[in-house]
Amino acid sequence: MAITDKTSLQLPKENLEAEDFLPLLGTDYIELYVGNAKQAAHYYMSAWGFQPLAYAGLETGLKDKVSYVVQQDKIRLVLTSPLKSGGEINAHIDKHGDGVKAIALWVDDASKSYLETTDRGAESYFEPRKLEDKDGEVILSGIHTYGETVHVFVERKNYNGVFMPGYTAWKPFYNPTDVGLNYVDHMVGNVGWNEMNKWCKFYAEVMGFAQLVSFDDKDISTEYTALMSKVMSNGNGRIKFPINEPADGRKKSQIEEYIEFYNGAGVQHMALATDNIIETVTALRNRGIDFLTVPSSYYEDVLDRVGEIDEDLEPLRELGILIDRDDEGYLLQIFTKPILDRPTMFIEIIQRKGAKSFGKGNFKALFEAIEREQESRGTL
Ligand code: FE2
């Protein structure tokens with residue numbers, strides 16, 4: 001399927017299903033390579049309300065790395081650190097800082113997923129391999145995507161264990177309550193200058209995705225910064241990957257700042273869905289998460305723009321939650337400041353009330369908020 005510039009490729013549903021050579025059941029897990037997995041796990045539990053799930057390390061027979069797995073409803077994070085110097089994980093952390101290594105996709109058949117994608121030009125990360133233990137078997141395979149990020153295909157229909165073979169259940173005494181996060185809504189990649197179309201083409205041709213939306217620099221620009229973005233989605237719509245590239249602006253765009261500090265393309269943000277954003281964001285704020293704020297003038301005319309909403313405006317204003325509407329409904333969203341030392345990855349919290357879009361109406365207010373942060377970092 002060819003990608004046309006600035007044109008939405010909205011295929012009829014039957015076509016999408018007929019073309020779906022890579023049926024994806026959902027996001028299986030997101031693996032981050034981090035400097036200190038034990039402390040990262042504590043952060044995601046204490047601040048973000050994830051629950052401890054599984055562990056692999058020296059005690060389970062690993063010699064050179066450790067992984068903690070935490071879960072909140074359908075969202076699973078794998079936090080991995082090296083135990084020795086040298087090697088691929090250290091090199092990744094040295095180059096990028098903490099960041100997303102793998103977006104793992106849940107499939108029925110990991111071997112077929114590997115063949116279908118590598119036949120269409122995907123670069124192999126690893127060939128299908130079977131992992132077994134007393135609880136059954138998991139088949140994994142992997143391909144490369146933008147930067148040093150990879151997709152791992154996970155086939156787990158014959159597995160009943162806690163996560164996958166090699167991991168043991170992790171049941172610490174500390175087990176804070178969740179904050180109401182339910183699933184991964186979308187994962188956004190930042191790529192370099194003039195690379196957006198290349199990676200959209202990759203998702204279209206290699207993975208059978210279709211383009212949902214496209215934003216150009218006229219949609220997404222402020223006085224200083226600009227970016228372009230296209231949203232790629234798989235056939236059943238469960239997996240959505242917006243891809244951003246920088247565009248010319250008067251000063252350095254947030255995408256360029258990311259690429260400079262991440263040393264290349266990578267995951268910019270993960271959007272996690274809740275069905276009560278006011279409660280979720282209140283809990284997150286009380287647990288120490290910093291969010292971007294927009295000027296209170298945003299709320300003066302927001303209801304003129306988006307119309308009636310179910311929520312009271314006051315708590316939304318107090319928390320800094322943004323509102324946008326499309327033909328199908330509205331959405332509520334908010335973005336954290338970068339969650340790492342480098343100004344790279346952040347997290348979006350989103351509640352969809354019918355809307356299937358991504359908050360285009362908020363881009364300008366949001367990017368001006370990001371620019372205020374960039375200015376304080378001296379990177380604008
Ligand atoms: Fe997003």
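None of these values were measured; they are calculated from a predicted model.

Cut-offs applied
By convention here, each chain's residues receive numbers from 1 onward along its written sequence. Only residues with pLDDT of at least 70 get local features here, since the model is predicted, and only at 80 or more are side-chain atom pairs given and counted; chain-wide, interface and lining totals rely on the full set of residues. Only heavy atoms go into the side-chain values, all of them from the structure, while hydrogens and water stay out. Only the six-membered ring of Trp is used, alongside the rings of Phe and Tyr, when aromatic pairs are assigned; centres must lie within 6.5 Å, and planes under 30 degrees apart are stacked while those over 60 apart are edge-to-face, with the rest tilted. The rule is simple: take the accessible area with a 1.4 Å probe, protein chains only, and divide by the maximum for that residue type; under 20% is buried, over 50% is exposed, in between is partly exposed. Put simply, DSSP H or I for four residues or longer makes a helix, DSSP E for two residues or longer makes a strand, and each gets a number counted from the N terminus. Each pair of strands is called paired provided DSSP finds at least two bridges between the two strands. Here, a salt bridge means any Lys or Arg side-chain nitrogen found within 4 Å of an Asp or Glu carboxyl oxygen.

Participant: Lay out the packing of aromatic side chains with the relevant residues and their values.
Facilitator: What the rule picks out here adds up to 16 aromatic pairs. Each ring, one from Tyr203 and one from Phe209, has its centre 5.4 Å from the other, and the planes form 40°; the classification is tilted. With a relative accessible area of 0%, Tyr203 lands in the buried category. Each ring, one from Phe335 and one from Phe346, has its centre 6.0 Å from the other, and the planes form 70°; the classification is edge-to-face. Placement of Phe335 in strand β16 (residues 329-335) and of Phe346 in strand β17 (residues 346-353) is noted, with a sequence separation of eleven residues between them. For the residue pair Phe335 and Phe346, the accessibility class agrees, reading buried in each case.

Participant: Can you tell me about the sheet that holds strand β4 (residues 75-82), naming the residues and giving the values?
Facilitator: Across the sheet, nine strands lie side by side as β6-β7-β8-β5-β1-β4-β3-β2-β9; this open sheet has mixed pairing. Each of the sheet's edge strands pairs with one partner strand only, and the pair in question is β6 (124-133) and β9 (168-169). Sheet analysis places β6 next to strand β7 (residues 136-144), joined by seven bridges and oriented antiparallel. Note that in β7 the partner of Glu132 across the bridge is Glu137.

Participant: Give a description of the pairing of strand β5 (residues 99-107) that names residues and reports values.
Facilitator: Most of β5 sits out of view: eight of its nine residues are buried. In this sheet, strand β8 (residues 150-155) lies alongside β5 in parallel orientation, the contact comprising six bridges. Looking at the pairing, Ile103 lines up with His151 of β8.

Participant: I'd like a description of the pattern of salt bridges, backed by residues and values.
Facilitator: Under the criterion given, the structure shown has 18 salt bridges. Note that Arg156 and Asp28 form a salt bridge whose closest N and O atoms lie 2.8 Å from each other. Highlighted residues: Arg156 in the loop between β8 and β9 and Asp28 in strand β1 (residues 26-33), separated in sequence by 128 residues. Comparing Arg156 with Asp28, the two get one shared label, buried.

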